[in-house]
Amino acid sequence: MTGIPEYVLDLDQRDPLAAKRREFVLPKNTIYLDGNSLGALPRNVVARLDAVASRQWGEDLIQSWNKHDWIDLPKRVGEKIAPIIGAASEQVICCDSISVNLFKLLCSGLELNPARSVVLSQKDNFPTDLYIAEGVQNLLGESRCQLEVCAADQLESRLDEDIAVLLLTQVNFRTGELHDIQALTNAAHEKGIVVIWDLAHSAGVLPLELDAWGVDFAVGCGYKYLNGGPGAPAFVYVARKHQEKLRQPLSGWMGHKQPFEFSPQYQPAQGVERFLSSTPSILALAALDAALDVYQDVDIKQVRAKSIAMAELFISLVSDKLSAGSLTLVASMPSAQRGSQLSYSHPHAYAMAQALIELGVIVDFRRPDILRFGFTPLYTSFVEVWRAAQILVEAVESRLFLDSRFQQQHKVT
Ligand SMILES: *Cc1c(COP(=O)(O)O)cnc(C)c1O
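Since the structure is predicted, the reported quantities are computational estimates derived from the model, not experimental observations.

(A) Layout of the site of the ligand. Around the ligand lies a shell formed by Ser-97, Ile-98, Ser-99, Phe-126, Thr-128, Asp-129, Thr-169, Asp-198, Ala-200, His-201, Tyr-223 and Lys-224. Between the ligand and Ser-99, the relevant distance is 2.5 Å, taken from an oxygen atom to a side-chain nitrogen or oxygen of the residue. Within the contact set of the ligand, a nitrogen atom lies 3.4 Å away from a side-chain nitrogen or oxygen of Asp-129. Of all the secondary structure elements, the ones that give two or more residues to the shell around the ligand are α5 (98-112) and α6 (127-140). For the shell around the ligand, a count of residues per class yields four nonpolar, five polar and three charged.

Here it is, written out as structure tokens:
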């Protein structure tokens, strides 16, 4: 490629994470800026899936639950995730989806605060978080669970003694704005409020210290920055101090103390294992397990530093080339207050996303008018960021997005 400035090539030269890219399968002639929605495929996942399907399932069949220790895979994968989120051992387990796990945690959080009923969240939280809270409210009735929402900047002043649970997502999926987990957790605890953090856009890309910050509960995503594959299981973090007090509501047999006793009475397993409900999805868990090996020698602080450097490079290239007004950076705060994504608003954002995809830059669109660029430091280079910015500028200036072929709305945006 010609015309790449020396300083951009230099950024790749000096990048301590540059070699990580070789651990991923990436399509040629594509710049993938959507790893915040679906992480790329780590090479070792392919071999692992083949081994689990052909040798374990194919040959050892049901013996694999013991022989290949399938039965403890949710725990083993949880233990691999723990250091990535600043958790000591025996507090993280991998199972189900974020939504299902939020249901378990929300009921548990309410149980810890039985004299209170309000669940406080943010108006523009990721919808599934609000939907699950609504579902719990319908199930238990408003005397036990009452969802209230407010704007992000109102949260801290709204914290008071009628609130049972504070339910928040660290990174705003639309704007990328970041909450200070430690500050909000402390403020909530001062009022006796239990906190649940959704780390969907955080785990694997932001330095997290859940234990040190005193977080009660958290959930996170296996298929975004952790690269576990489409629909990979999620994870649950339950602070050790709460574990033995709780009986989560989806009390299925895999969370039983002795599932193979087949006892008619439910007795919760010790510790975080009681947050399991059902038979683990072994193929999906095995993919995530292999994907997490990529993180074994990764320093999340370096990931964060590269993510910030990439975002700043992109912002400066776009603002140098495009006149103000043609594309608007949403949430133009210091990079330290943003997750690993940039959001720009544009009146034709959907068509623009489609045009960029055709030009080989994979991004996504979020209603009503947001174009999202996700930065995944493990497999994206500075040269790609530079190139993506050039292509974006060309796409805006050429008005290519007005072409009718970019107007058709797909189910998934
Ligand atoms: C991606 C995402 C989810 C996904 O929820 P699932 O139930 O696992 O599909 C939840 N919350 C947030 C904030 C997300 O970004």
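So much for the structure itself; the text now carries on.
(B) Looking closely at the sheet that holds strand β4 (residues 92-94). Read across the open sheet, the seven strands follow the order β4-β10-β9-β8-β7-β5-β6; overall the sheet is mixed. Looking along the sheet, the strands with just one partner apiece sit at the ends: β4 and β6 (146-150). On average, adjacent strands in this sheet sit at an angle of 20° to one another, irrespective of strand direction. Across three bridges, strand β8 (residues 194-198) lies against strand β9 (residues 217-220) in parallel orientation. The residue bridging Ile-196 from the neighbouring strand is Phe-217, located in β9. Together, β4 and β10 (235-238) form the strand contacts of helix α4 (residues 73-81), whose direction differs from that of β4 by roughly 125°. Sheet strands touched by helix α8 (residues 181-190): β7 (163-169) and β8. Its angle to β8, the strand with the most contacts, is close to 155°.

(C) Main features of the nonpolar core. Counting residues in each nonpolar core, the largest one holds 57 residues, and the members touching the most others are Ile-85, Leu-166, Trp-197, Leu-226, Tyr-237 and Leu-378. In terms of residue count, the dominant contributor to this core is helix α10 (residues 282-292) (five residues). Of the domains in this structure, domain 1 (6-41 + 299-406) and domain 2 (69-295) are the two that each give at least three residues to this core. Counting 41 residues, the second-largest nonpolar core is a separate cluster that includes Leu-33, Ala-351, Val-383 and Ile-391.

(D) Looking closely at the domain arrangement of the chain. Looking at the chain, the domain boundaries give domain 1 (6-41 + 299-406) and domain 2 (69-295). Using only C-alpha atoms to locate each centre, domain 1 and domain 2 end up separated by 29 Å. Each partner contributes to the roughly 2100 Å² buried at the junction of domain 1 and domain 2, and carbon and sulfur atoms together form 63% of this total. Counting the surface domain 1 buries against domain 2, the share from its top three residues, Asn-36, Ile-300 and Gln-341, is 22%. On the surface where domain 1 and domain 2 come into contact, there are zero salt bridges. At the junction of domain 1 with domain 2, the criterion picks out eleven residue pairs in polar contact (both at pLDDT 80 or more). Those elements giving two or more residues to the side of domain 1 that touches domain 2 turn out to be α11 (300-321), β12 (341-345) and β15 (370-374).

(E) Layout of the pairing of β12. Counting buried residues along β12, five of its five residues qualify, which places the element largely inside the surrounding structure. Side-chain alternation along β12 places Gln-341, Ser-343 and Ser-345 on one buried face and Leu-342 and Tyr-344 on a second face that is also buried. As paired strands, strand β11 (residues 328-329) and β12 are joined by two bridges and run antiparallel to one another. Bridge pairing in β12 links Thr-328 to Ser-345. Pairing analysis gives five bridges linking β12 to β15, with the strands arranged antiparallel.

(F) Inspection of the packing of helix α2 (residues 43-60) against α10 at higher detail. Contact geometry of α2 with α10 gives a least axis separation of 9 Å together with a crossing angle of 145°. Taken as a pair, α2 and α10 cross one another with a handedness that is right-handed. Counted together, Asn-44, Val-45, Arg-48, Leu-49, Val-52, Ala-53 and Trp-57 of α2 and Ile-282, Leu-283, Ala-286, Ala-287, Asp-289, Ala-290 and Ala-291 of α10 form the full contact between these two elements. Of the residues in the contact of α2 with α10, the class split is eleven nonpolar, one polar and two charged.

What counts as what
- Residues numbered from 1 in each chain as written.
- Predicted model: local features only at pLDDT ≥ 70, side-chain atom pairs only at ≥ 80, totals over all residues.
- Heavy atoms only, no water.
- Near = heavy atom within 4 Å.
- Polar contact = N/O pair within 3.5 Å; in protein donor to acceptor, adjacent residues only side chain to side chain.
- Helix = DSSP H or I, 4+ residues; strand = E, 2+ residues; numbered from the N terminus.
- Nonpolar A, V, L, I, M, F, W, Y, C, P; charged D, E, K, R; others polar.
- Pairing = 2+ DSSP bridges.
- Axes fitted to C-alpha atoms, helices over the stretch in contact; angles between N-to-C directions.
- Contact = heavy atoms within 4.5 Å.
- Core = buried A, V, L, I, M, F, W, Y, C linked by side-chain atoms within 4.5 Å.
- Buried < 20%, exposed > 50% of the residue type's maximum accessible area, 1.4 Å probe, protein only.
- Domains from an automatic or database assignment.
- Buried area = accessible area lost by both parts, 1.4 Å probe.
- Salt bridge = Lys/Arg side-chain N within 4 Å of Asp/Glu carboxyl O.
- Left-handed = near helix turned anticlockwise from the far one by under 90°.

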